[in-house]
Amino acid sequence: MASEKSSLAPLIGVPIGPYRIDPKSAGSTDSLHLSVIVPTYRESKNIAEMVRRLTELLDRAFPHRYEIIVVDDNSPDRTWELAHRLTADYPSLRVMRREHERGLSTAVIRGWQAARGDILAVIDADLQHPPEVTLDLCKVMDRGADIAVATRYIEGGGVSDWSIFRRFISRGAQLIGLVVLPGVVGRVTDPMSGYFMVRRSAIQGVDLHPLGYKILIEVLGRGQCRWIGEVPYVFRERDHGESKVTRTVYVDYLRHLLRLRFSALPISRFVRFAAVGCSGVVVDMGLLFLLSDPTMLGWGLTRSKLIASEVALINNFVWNDAWTFGDISARQLGAKDRLRRFAKFQLICLAGLVLNTVLLNLQFNLLGMNRYVANAVAIIVVTGWNFWLNLKLSWRVADPARKP
Ligand code: GDD
Ligand code: MN
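Reading the values: the criteria
- Residues numbered from 1 in each chain as written.
- Chains lettered and ligands numbered in written order.
- Predicted model: local features only at pLDDT ≥ 70, side-chain atom pairs only at ≥ 80, totals over all residues.
- Heavy atoms only, no water.
- Helix = DSSP H or I, 4+ residues; strand = E, 2+ residues; numbered from the N terminus.
- Rg over C-alpha atoms; globule rule 2.2 N^0.38 Å.
- Buried < 20%, exposed > 50% of the residue type's maximum accessible area, 1.4 Å probe, protein only.
- Contact = heavy atoms within 4.5 Å.
- Areas by Shrake-Rupley, 256 points an atom, 1.4 Å probe, with all protein chains shown as cover.
- Lys, Arg positive; Asp, Glu negative; His and termini not counted.
- Charge placed at Lys NZ, Arg CZ, Asp CG, Glu CD.
- Near = heavy atom within 4 Å.
- Polar contact = N/O pair within 3.5 Å; in protein donor to acceptor, adjacent residues only side chain to side chain.
- Nonpolar A, V, L, I, M, F, W, Y, C, P; charged D, E, K, R; others polar.
- Domains from an automatic or database assignment.
- Donors = N, O, S within 2.8 Å, 3.2 Å for Na, K, Ca; no water.
- Expected span 1.5 Å × (residues − 1).
- Axes fitted to C-alpha atoms, helices over the stretch in contact; angles between N-to-C directions.
- Parallel < 35°, antiparallel > 145°, perpendicular 65-115°, else oblique.
- Left-handed = near helix turned anticlockwise from the far one by under 90°.
- Phe/Tyr/Trp six-rings, centres within 6.5 Å; stacked < 30°, edge-to-face > 60°.
- Pairing = 2+ DSSP bridges.
- Salt bridge = Lys/Arg side-chain N within 4 Å of Asp/Glu carboxyl O.

**A few points about the overall build of the protein**
Secondary structure summary: the protein contains 15 helices and eleven strands in total. Here the protein has a C-alpha radius of gyration of 28 Å; the compact-globule value for 404 residues is 22 Å, and the former is much larger. With the C-alpha coordinates aligned to their principal axes, the bounding extent of the protein is approximately 100 × 50 × 40 Å. Relative to its full complement of 404 residues, the protein shows a buried share of 44%. For the protein, long-range pairs separated by at least 24 residues make up 79% of all intrachain contacts whose partners lie at least 6 apart in sequence. As displayed, the protein has an accessible area near 20,200 Å², and 63% of this comes from carbon and sulfur atoms. Of note, the protein has its 51 positive side-chain charges centred 7 Å away from the centre of its 39 negative side-chain charges.

**With respect to the site of ligand 1**
Neighbouring ligand 1 are 28 residues; Glu 43, Asp 73, Met 192, Ser 243 and Lys 244 lie closest to it. Asp 126 is positioned with one of its side-chain polar atoms (N or O) 2.8 Å from an oxygen atom of ligand 1. Separating an oxygen atom of ligand 1 from a backbone N or O atom of Lys 244 is a distance of 2.5 Å. Secondary-structure elements contributing two or more residues to the shell around ligand 1 are strand 2 (32–40) and helix 4 (104–114). In terms of residue class, the shell around ligand 1 is built from eleven nonpolar, seven polar and ten charged.

**Remarks on the domain arrangement of the protein**
When cut into domains, the protein gives domain 1 (2–264) and domain 2 (267–394). The C-alpha centroid of domain 2 is placed 48 Å from the C-alpha centroid of domain 1.

**Considerations on the coordination of the manganese ion (ligand 2)**
Note on the manganese ion (ligand 2): its protein donors are Asp 126 (OD) and Gln 128 (OE1). The metal-donor distances range over 1.9 to 2.0 Å. The buried category is assigned to Asp 126, whose relative accessible area is 6%. Residue Gln 128 is classed as buried on the basis of its relative accessible area, which comes to 8%.

**Here's the deal with helix 14 (residues 335–366)**
Look at helix 14: 45 Å from first C-alpha to last across 32 residues, which is about the 46 Å you get at 1.5 Å a residue. For helix 14, the complete set of buried residues consists of Arg 341, Phe 345, Gln 346, Ile 348, Cys 349, Gly 352, Asn 356 and Gln 363. Check the buried side of helix 14 and you find it contacts helix 11 (267–292), helix 12 (301–324), helix 13 (326–329) and helix 15 (371–395). Just downstream of helix 14, Gly 368 is the residue with a positive phi angle, here 65°.

**Details of the packing of helix 6 (residues 164–180) against helix 10 (residues 247–264)**
Two numbers describe how helix 6 lies on helix 10: the axes approach to 10 Å, and their chain directions differ by 15°. Comparing their axes, helix 10 and helix 6 come out roughly parallel. The way helix 6 lies across helix 10 gives a crossing that is right-handed. Within the contact between the two elements, helix 6 uses Arg 166, Ile 169, Ala 173, Gln 174, Ile 176, Gly 177 and Val 180 and helix 10 uses Tyr 250, Tyr 253, Leu 254, Leu 257, Leu 258 and Arg 261.

**Topic: the packing of aromatic side chains**
Per the stated rule, a full pass over the model turns up 13 aromatic pairs. Aromatic side chains Phe 325 and Phe 387 sit 6.0 Å apart centroid to centroid with 20° between the ring planes, which places their arrangement in the stacked category. In this pair, Phe 325 sits in the loop between helix 12 and helix 13 while Phe 387 sits in helix 15, placing the two residues 62 residues apart along the sequence. Here Phe 325 matches Phe 387 in class, with each residue buried. On the numbers, 5.9 Å between centres and 80° between planes, the contact of Phe 345 with Trp 395 is edge-to-face. Placement of the pair is Phe 345 in helix 14 and Trp 395 in helix 15, with a sequence separation of 50 residues. Judged by its relative accessible area of 1%, Phe 345 falls in the buried class. Judged by relative accessible area, which is 0%, Trp 395 ranks as buried.

**Let's talk about the pairing of strand 5 (residues 117–122)**
Taken residue by residue, a regular strand's side chains alternate between the two faces of the sheet. With five of six residues buried, strand 5 lies mostly within the body of the structure. As paired elements, strand 5 and strand 8 (residues 196–199) share four bridges and run antiparallel to each other. Directly across from Val 122, in strand 8, lies its bridge partner Phe 196.

**Here's the deal with the sheet that holds strand 10 (residues 228–232)**
The pairing of strands in a sheet happens through backbone hydrogen bonds and is either parallel or antiparallel. Here we have seven strands laid out as an open sheet, ordered 4-3-2-5-8-6-10, and mixed in their pairing. Among the strands making up the open sheet, the edge pair consists of strand 4 (93–97) and strand 10. Put simply, the sheet's adjacent strands are angled 20° from each other on average, direction ignored. As judged from the three bridges shared by strand 6 (residues 147–151) and strand 8, these two strands associate in the antiparallel manner. Within strand 8, the position partnered with Ile 147 by the bridge is Val 198. Against the sheet, helix 4 makes contact with strand 2, strand 3 (66–72), strand 4, strand 5 and strand 8, and its axis sits at roughly 150° relative to strand 2, the strand it touches most.

**Some details on the pattern of salt bridges**
A side chain with one charge may pair with a side chain of the opposite charge, provided their charged atoms come close. Applying the stated criterion to the full structure yields 25 salt bridges. When the shortest N-O distance is used, the salt bridge between Glu 43 and Arg 238 registers 2.7 Å. Here Arg 238 lies in the loop between strand 11 (234–235) and helix 10 and Glu 43 lies in the loop between strand 2 and helix 2 (47–61), a separation of 195 residues in the sequence. Arg 238 matches Glu 43 in its accessibility class, with the two residues each being buried. Notably, a salt bridge pairs Arg 98 with Glu 101, separated by 2.7 Å at the nearest N-O pair. A relative accessible area of 1% places Arg 98 in the buried class. One connected set of salt bridges, linked through shared partners, spans Glu 43, Asp 126, Arg 238 and Lys 244.

If you want it as C-alpha cells, here you go:
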C-alpha cells in the first residue's frame, strides 16, 4: 500500500481567492502546451475510461506536453480517490479535490488556475463529449484561434437522442441569451457548450465571475477572444451516472446573463460623462452671464448663447477625450484622429441640441408639462443620446483594441 501511495502524484492544492488566471512566468520550466480540465461530480463509473481515452489521444498528439486535471468536488462516490489512484498509471494526470467550493464553472476555473498549459481546455467526464474531438479543437487553436468551441449546431454536430423537451429547453436558453446578451451569445452557434479550449493569453489577468454551468459565456463575455473557431460534435448519451443539471442551473444561467449584461454597461464611464456635462453647464452659464448680462458685456442673447454653447462643447470634448474615454483615445494618439473625434463629437452634440429643443417643446406645448421639469427630462435623455453615440461613433469605432 505504501509503495502504491508513493507512486501517486500528490493532490493539487486548491487555489483560493479571485477567479483570475495568471500569465505564466516567462520561460517557466514546467510550461506545457495543453491543460485539459475534467470537472467531476459523482463520475466514479466514467472517470477511468475517460482518462484512458483522453491519455491515449494526447500521448500520441502531444507526448509529455499536456496534462489532464480532474477537479472533483468531494464526490460522495469518491471520484477524486479513484482518479488519484489512476495517477500511478497516467503520469500526465493530476487531481484536485475541492472540499469547500462546489459548482461546475468554478471547478473549471480553479483547474485552469492550477494549470501549466498555454491552452486551457474543458471537457465533461461522462464521455458525452467525445474525447476524440479534442484533437479537432487543438487543430483550430494551432491555426491561431483564441478560442475553439465544440458545437452541436453546425454541419456534422448534433445531440444523440435528447427528448424534445431537453432540446426545447437548450434552444430556449440560447434564445434568451441572444436577446439579453447578443454581443456574447451571438458569437458562437452553441453558447451552452461545455466543451472548448481557450488560449491563456485571451483570459489571463481578467477577473472572472463564474456562475452555474455555463463557463463559455463567462469566457466570451470577459475574455479577449477575437478569433473564435468551431468544430462539430455529437453530444452522446451517458453510459453511467446521470446529469446533475437541475432547475438552479437554468436560474443561474439567467442570473449570469444579466450580470454579464450589466457589467458590460459602462456605468462608471457614463457617470464621468455626466460629470463633464455638468462642468459644461457651468461654463455655458458663466459665459452667457459674462457676454450677455447688461452689467457685463451686454451682447445679444443669441450670439452670446452660441459662443457659450460652443465653448462649453469644447470644454466637454477636452475632458471626455482625456478622462471619460481616455483609455480609448490613448490608443488613437494622432492629431488627425483627435480632430476626427472632435468633429464627430461636435456633430452628435449639435444633433443633441436640436433633439433637446424638440423634446422640450413637445413636453411643454403638447403635454403641458412644467418647462423646467420638461427641460430636465430633455437634458437627461439627450445626455444618454450624446454618451452612447459618442462612445460608439466618436471613440470606440476607431479603437484598435475593440472586440470584433
Ligand atoms: N467539479 C464539479 N462540480 N463538476 C461538476 C459539477 C459540480 O458541481 N456538476 C457537474 N459536474 C461535471 C459532471 O461530473 C460532468 O463531468 C460535467 O460537469 C457535466 O455535468 P452533467 O451534469 O453531465 O451536465 P449535462 O451533461 O447535463 O450538460 C453538459 O453538457 C452540455 C453540453 O455541452 C454540461 O457541460 C452543460 O454545461 C453543457 O451545456
Ligand atoms: Mn453530461
